[in-house]
Amino acid sequence: MTGMDRAQVVAGLDTEFGLFADLLDALKDTDRDAATRCAGWQVRDVAAHVTANALDSADGTIGTRTPDDQARALRDTPPRELAALLREAAARLTASLARLDDRVWQSVNPRFGRTVANGVLTLWYDAFVHADDIRTALGHPRTTDGPGLAASETWLRAELQRLGRPHAATATAPAADPMAFVLAASGRLDPALIGLDHDVNVYSVR
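This structure is a prediction, so every number in the text was calculated from the model and none was measured. (Residues numbered from 1 in each chain as written. Predicted model: local features only at pLDDT ≥ 70, side-chain atom pairs only at ≥ 80, totals over all residues. Heavy atoms only, no water.)

**Q** Which parts of the structure should I look at to understand the overall build of the chain?
**A** When helices and strands are counted, the chain shows 9 helices and 2 strands. Computed over C-alpha atoms, the radius of gyration of the chain comes to 16 Å, within 12% of the 17 Å expected from 2.2 N^0.38 for 206 residues, which places it in the range of a compact globule. With the C-alpha coordinates aligned to their principal axes, the bounding extent of the chain is approximately 45 × 40 × 30 Å. Of all 206 residues assigned to the chain, the portion counted as buried reaches 47%. Long-range contacts, defined here as pairs at least 24 residues apart, represent 66% of the contacts in the chain between residues at least 6 apart. Counting only carbon and sulfur atoms, one obtains 54% of the accessible surface of the chain, whose full area is about 9,900 Å². (Helix = DSSP H or I, 4+ residues; strand = E, 2+ residues; numbered from the N terminus. Rg over C-alpha atoms; globule rule 2.2 N^0.38 Å. Buried < 20%, exposed > 50% of the residue type's maximum accessible area, 1.4 Å probe, protein only. Contact = heavy atoms within 4.5 Å. Areas by Shrake-Rupley, 256 points an atom, 1.4 Å probe, with all protein chains shown as cover.)

So, in structure tokens, the structure goes:
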């Protein structure tokens, strides 16, 4: 998927969760109420969703709560407590994923219609882009390269293929800017602003 093997993808997710936990540890109380580009969500909701995603994945209950349900459940939890919960869940999830063999890794979960590999990549993408949501909301420096960006771009292009949009899946942003592509493909930037069709947004309805 990303040019990385199973162990590297699992390690990448674990690292991304660790970076997100570090971001939570650094939040001030006044940061939590800042509006983000996720409609209706403040920083506290984004933080709660990513933490709950890790918890639900580690508990084997992923998909039983909507993102809004996850946000509501933990939005009032202090950032340092969220960070501790996230690190604990990430450790359990990583240990569980490390026990999988390649057959299971590539098997399709009938509940979601995705392979386990794709599901893990989805979690990695989600944590990466939501960290960028928080940094952007607070005016902090953004991450514009690295394995998290590569994983996010790979997931989005695979998702566009799955949605039957092969032309959008091979589209490129000006100056080969992968971060601009990720923002447009994830609905965080108007694709027209970088010369791409609206079909590149995986959340758009055709």
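What follows continues from the structure just given.
**Q** Is there a simple way to think about the packing of aromatic side chains in this case?
**A** Geometry of an aromatic ring pair is reported as the spacing of the ring centres plus the angle between the planes. Under the definition given, this model contains 1 aromatic pair. One Lys or Arg, Arg 157, reaches over the ring of Phe 181 and ends 3.8 Å from the middle of that ring. (Phe/Tyr/Trp six-rings, centres within 6.5 Å; stacked < 30°, edge-to-face > 60°. Lys NZ or Arg CZ within 6 Å of the ring centre and 35° of its normal.)

**Q** For this particular structure, what's the right way to read helix H7 (residues 147–162)?
**A** Because each turn of an α-helix spans 3.6 residues, side chains separated by three or four positions end up pointing in the same direction. Along its 16 residues, H7 runs 22 Å from first to last C-alpha, staying within 8% of the 22 Å computed at 1.5 Å per residue. Of the residues one or two after H7, Gly 164 is the one with positive phi, at around 80°. (Expected span 1.5 Å × (residues − 1).)

**Q** What's the story with the packing of helix H2 (residues 43–59) against helix H4 (residues 79–98) in this structure? I'm lost.
**A** In a pair of packed helices, the angle between the axes and the distance between the axes together describe the arrangement. Relative orientation of the contacting elements H2 and H4 amounts to 30°, with a least axis distance of 8 Å. Judged by the angle between their axes, H2 and H4 are roughly parallel. At the point where H2 passes H4, the crossing takes the left-handed sense. Seen from H2, the contacting residues are Ala 47, Ala 48, Val 50, Thr 51, Ala 54, Leu 55, Ser 57, Ala 58 and Asp 59; seen from H4, they are Leu 82, Leu 85, Leu 86, Glu 88, Ala 89, Arg 92 and Leu 93. Residue classes in the contact of H2 with H4 are distributed as 11 nonpolar, 2 polar and 3 charged. (Axes fitted to C-alpha atoms, helices over the stretch in contact; angles between N-to-C directions. Parallel < 35°, antiparallel > 145°, perpendicular 65-115°, else oblique. Left-handed = near helix turned anticlockwise from the far one by under 90°. Nonpolar A, V, L, I, M, F, W, Y, C, P; charged D, E, K, R; others polar.)

**Q** Even after reading the chapter, I still don't get the side chain of Arg 157, so can you show me in this structure?
**A** Relative to the helices and strands, Arg 157 is located in helix H7. When sequence neighbours within four positions are dropped, the list of residues in contact with Arg 157 reads Ala 168, Ala 169, Thr 170, Ala 171, Thr 172 and Phe 181.

**Q** What am I meant to see in the packing of helix H1 (residues 6–25) against helix H6 (residues 116–138) here?
**A** At their nearest, the axes of H1 and H6 sit 9 Å apart, and the two run at 25° to each other. One way to sum up the angle between H1 and H6 is to call them roughly parallel. Crossing handedness for the pair H1 and H6: left-handed. Here Gln 8, Val 9, Gly 12, Leu 13, Glu 16, Phe 17, Phe 20 and Leu 23 of H1 lie close against H6, whose contacting residues are Val 120, Leu 123, Trp 124, Ala 127, Phe 128, His 130, Ala 131, Ile 134 and Arg 135. Among the residues making up the contact of H1 with H6, the classes are represented as 12 nonpolar, 3 polar and 2 charged.

**Q** Please explain the side chain of Glu 159 as it appears in this structure.
**A** Within the fold, Glu 159 resides in helix H7. Residue classification places Glu 159 among the buried positions, given a relative accessible area of 7%. At a separation of 2.9 Å, a polar atom in the side chain of Glu 159 contacts the side chain of Arg 114. Apart from residues no more than four positions distant in its own chain, Glu 159 is found in contact with Arg 114 and Val 202. (Polar contact = N/O pair within 3.5 Å; in protein donor to acceptor, adjacent residues only side chain to side chain.)

**Q** Explain the environment of Phe 128 here, please?
**A** Structurally, the position occupied by Phe 128 is in helix H6. Phe 128 sits in the buried class, given a relative accessible area of 4%. For the pair Phe 128 and Ser 152, spaced 24 residues apart in sequence, the C-alpha to C-alpha distance is 7.3 Å. Sequence-distant contacts of Phe 128, that is, excluding residues within four places in its chain, are made with Glu 16, Thr 143, Gly 148, Leu 149, Ser 152 and Met 179.

**Q** Can you walk me through the pattern of salt bridges in this structure?
**A** Two side chains that carry opposite charge are able to pair once their charged atoms sit near each other. The full count for this structure, using the stated rule, is 18 salt bridges. Between Glu 159 and Arg 114 there is a salt bridge; the shortest N-O distance is 2.9 Å. One end of the pair, Glu 159, is in helix H7; the other, Arg 114, is in strand E2 (residues 114–115), and 45 residues separate them in sequence. Side by side, Glu 159 and Arg 114 carry an identical accessibility label, which is buried. Overlapping salt bridges bring together Arg 37, Asp 132, Asp 133, Arg 142 and Arg 188 as one network. (Salt bridge = Lys/Arg side-chain N within 4 Å of Asp/Glu carboxyl O.)

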